[in-house]
Each structure stands twice: as C-alpha cells, then as structure tokens.
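Read off the chains here:
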Amino acid sequence: MKITALAGGVGGAKLAHGLAHILAPEDLTIIVNTGDDFEHLGMYICPDLDTVCYTLGGLANPETGWGRVGESWNTISNVEKLGGPAWFRLGDQDIATHLERTRRLKEGQSLSQITKDFCKAWGIQHTVLPMSDSPVRTMVDSDEGELAFQEYFVHRQCVPKVKGFRFDGVEAAEPAVGVKEAIDQADAVVICPSNPWVSIDPILQVIKKIDKPVLAVSPIIGGKTVKGPAAKMYEELGIEPSALAVARHYRTILTGFVLDNADSVMENEIKNLNVKTLITDTLMNHLTDRTRLAKDVLHFIGSL
Ligand code: GDP
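Residues numbered from 1 in each chain as written. Predicted model: local features only at pLDDT ≥ 70, side-chain atom pairs only at ≥ 80, totals over all residues. Heavy atoms only, no water.

*Asks:* Summarise the overall build of the protein chain; cite the residues concerned and give the values.
*Replies:* Each helix and strand in the protein chain was counted, giving 12 helices and 14 strands. For the protein chain, the C-alpha radius of gyration of 18 Å lies close to 19 Å, the compact-globule estimate for 304 residues. Along the longest, intermediate and shortest principal axes, the C-alpha atoms of the protein chain span 60 × 45 × 40 Å. Within the span of the protein chain, comprising 304 residues, buried residues form 56% of the whole. Summarising the internal contacts of the protein chain: among those between residues at least 6 apart in sequence, 67% fall at separations of at least 24. Here the protein chain displays about 13,400 Å² of accessible surface, and carbon together with sulfur accounts for 50% of that area. Between the centroid of the 30 positive side chains of the protein chain and the centroid of its 39 negative side chains there is a distance of 1 Å. (Helix = DSSP H or I, 4+ residues; strand = E, 2+ residues; numbered from the N terminus. Rg over C-alpha atoms; globule rule 2.2 N^0.38 Å. Buried < 20%, exposed > 50% of the residue type's maximum accessible area, 1.4 Å probe, protein only. Contact = heavy atoms within 4.5 Å. Areas by Shrake-Rupley, 256 points an atom, 1.4 Å probe, with all protein chains shown as cover. Lys, Arg positive; Asp, Glu negative; His and termini not counted. Charge placed at Lys NZ, Arg CZ, Asp CG, Glu CD.)

Laid out in structure tokens, this is it:
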C-alpha cells in the first residue's frame, strides 16, 4: 500500500515515524508544512521539516519532541550574553542544520533538494518533501494585530487571541517537485494528527486538490490538544474544540476519520458527515504506540 502523509511538526512526526516503521521507503512520502519557516539570526529555519527529519532519523529529543537529542546550548547562550535575540531556542547541533541549509539556499539550491541531501546524510530512507520550494508564511490575525507565526507561537507563547490565519504567498506557491506525483501514486493520503489551522491547512492550500481517499487522525483527544494551541485556537474562533470539530474542518475532503476511544460518543455525528470512522487509542508516547496506531490506520484504509 502506498501512502502519502501530510504532517506538521511534533504530532505529525510521531505518526510519520510509526508509518515509516511499517511501510517500505518506496511506499511512504511525507509532505511537511513550511508555513512556519522563518529567518532568524541570519539563518533559514524550517521547524516542522526538521522535527519530522530528526524524528525519522532517531535524532529528536524524546522529551520535547522537537530539537536534537543530547543537545548543547553554547551558541544561543552566547548570543544572549551579547544582547541578541534568544527567545527562539536553537541548540548547537540544530544550528549546524540551519547554517548549512542557509548556505545551500544562498547558492541557489532548492529546499526540496537540500532536504533530500540532509535525509541521506541522516540515514532517512523514506521520502520527506517540503510542501513547496517557494516561501509561504503563516500570519496570525490576533487581538494584538497580525503576527508572524513564530512571533505568535514561540515569542508570545500563543498568548494573543487568534482571529484568523493567512498564508502569505500561498497563491503563487507551487507544490515542491515530487508532491503531486506522490499524491497521484498514493492509494490514500493520511493527514497526521497535526494542528489543522496552522500545520495542515497551509499544505492543503498549496496542494489545492486531492483525488484520493483522505483519512485524518484527530489531534484533539477529549476536547484537549496533547500539546500546542490547536484547542485554544478552536475556542478563540468560536468553535468547541473536539474530534468532531476536526472532522468538520476537513469534511469536504475526508473519506475516513480516526478518533480516540475517549471521544467515542462523537462517532455517530462524525458518521453523519458521510465519513467512515475508526475508534482507537491515538495517544503516541513511545515508538510502540506510534507503530500500533500506524498499523490501525493502514488496516482502516484497507477496509475502506
Ligand atoms: P507543531 O507544528 O510542532 O505544533 O506540531 P503539529 O501541528 O504536527 O502537532 C500539534 C498537534 O499534534 C497538537 O494539536 C497535538 O494535540 C497533536 N498531538 C501531539 N501528540 C499527539 C499524539 O500522541 N496523539 C494525537 N492524536 N495527537 C497528538
């Protein structure tokens, strides 16, 4: 079975990791959000792309889900001592990724080519693609005005109340080389449990159209996010955060939806959206949970 997965950072990377443990390299492509990429301290940083790659390469910090395991923080501490911006925590090993990526971009290489080379260097065999090689910037409309995504997410720690989102550059952005082909060749597209508003919507807007069965895994369990602001965003936009709200979010493209055992009472309402459902345990702490959920998802796709 050939699968193309859409992923943001931490939540997306966990399911992508599980899928990569089951599917052969030629059977899994992961398309990653680049809407939260930004330039900082002169470096081009791709937080979601790096989280997915570090996770697949066994390099991720298991406690945070982002950044590198065994990280040291000498560079950023010294930037801080000199009075520079230190709100975006960058570890020493991580900085090497951003420096080398920035150098190659300046030479004219595309983000997808750089990602391919980095994956090879990190021993990642499955295909990881940025959603686009053109810059797309997620902008958060908030009660404090419009904020660039990392300004909202990391610097302001999601305190401003959101009013909406805009993906600057998305109209002109073509999908990266390989993205359309991966979708055309897939038996199904899996939307990983990532933030629907700021991790998945930018990818869907770049791809524009999916002519394949689409299956999504809820990032909301029992009305709460496992991590991050997705539930808070739903609330601030006047929508009760729930697995049902996520299913409604994707309803125009959805064939199947995976919700947690904790949300089984919502199954009928989700089925009423003309969407098939699977109820299972969707919390992924360890590789065993990730692989088990990936197996459940693949069985579910097989049954559709
Ligand atoms: P970010 O870009 O790093 O914020 O990462 P994502 O957008 O990929 O993931 C954030 C979403 O992942 C949040 O809404 C979390 O609730 C969800 N998430 C994280 N871990 C898990 C998990 O183990 N299971 C499920 N179902 N969702 C998760």
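That covers the picture; the talk isn't over yet.
*Asks:* Tell me about the pattern of salt bridges, and name the residues and values.
*Replies:* Here the structure, examined in full by the defined rule, presents 15 salt bridges. Here arginine 101 makes a salt bridge to aspartate 50, at a shortest N to O gap of 2.4 Å. Here aspartate 50 lies in helix H2 (residues 47-56) and arginine 101 lies in helix H4 (residues 92-107), a separation of 51 residues in the sequence. Assigned by exposure class, arginine 101 and aspartate 50 land together as buried. Of the charged contacts in the structure, one is a salt bridge between glutamate 144 and arginine 156, with a shortest N-O distance of 2.7 Å. Taken as a pair, glutamate 144 in the loop between strand S6 (137-142) and strand S7 (145-148) and arginine 156 in the loop between helix H6 (149-155) and strand S8 (162-168) lie far apart in primary sequence, 12 residues in all. One network of salt bridges, with partners in common, ties together Glu100, Arg103, Arg104, Glu107 and Asp117. (Salt bridge = Lys/Arg side-chain N within 4 Å of Asp/Glu carboxyl O.)

*Asks:* Can you explain the sheet that holds strand S9 (residues 188-191)? Please cite residues and give values.
*Replies:* Strand order across the open sheet formed by seven strands is S5-S2-S1-S9-S10-S13-S14, with parallel pairing between neighbours. Both edges of this open sheet fall to strand S5 (127-130) and strand S14 (276-280), since each of them pairs with a single strand only. Averaged over all neighbouring strand pairs, the angle between strand axes comes to 20°, with direction disregarded. Sheet topology note: the S9/strand S10 (residues 214-217) ladder contains three bridges and is parallel. (Pairing = 2+ DSSP bridges. Axes fitted to C-alpha atoms, helices over the stretch in contact; angles between N-to-C directions.)

*Asks:* An account of H2 is requested, with residue identities and associated values reported.
*Replies:* In terms of residue burial, H2 counts as a mostly covered element, since 10 of its 10 residues are buried. Within the sequence span of H2, burial applies to Pro47, Asp48, Leu49, Asp50, Thr51, Val52, Cys53, Tyr54, Thr55 and Leu56.

*Asks:* Could you give me a rundown of the site of the ligand, with the residues and numbers involved?
*Replies:* Near the ligand there are 22 residues, and of these Ser194, Ser199, Pro219, Val226 and Thr282 occur at the shortest range. In the model, an oxygen atom of the ligand is placed 3.0 Å from a nitrogen or oxygen of the valine 10 main chain. Serine 194 has a polar side-chain atom sitting 2.6 Å from an oxygen atom of the ligand. Alone, the ligand offers 590 Å² of accessible surface; in the complex the protein occludes 95% of this. Counting residues per element, the shell around the ligand draws most heavily on helix H1 (residues 10-22), which supplies four residues. Residues of the shell around the ligand, tallied by class, amount to nine nonpolar, 10 polar and three charged. (Near = heavy atom within 4 Å. Polar contact = N/O pair within 3.5 Å; in protein donor to acceptor, adjacent residues only side chain to side chain. Nonpolar A, V, L, I, M, F, W, Y, C, P; charged D, E, K, R; others polar.)

Coordinates in, geometry out; function isn't part of it.
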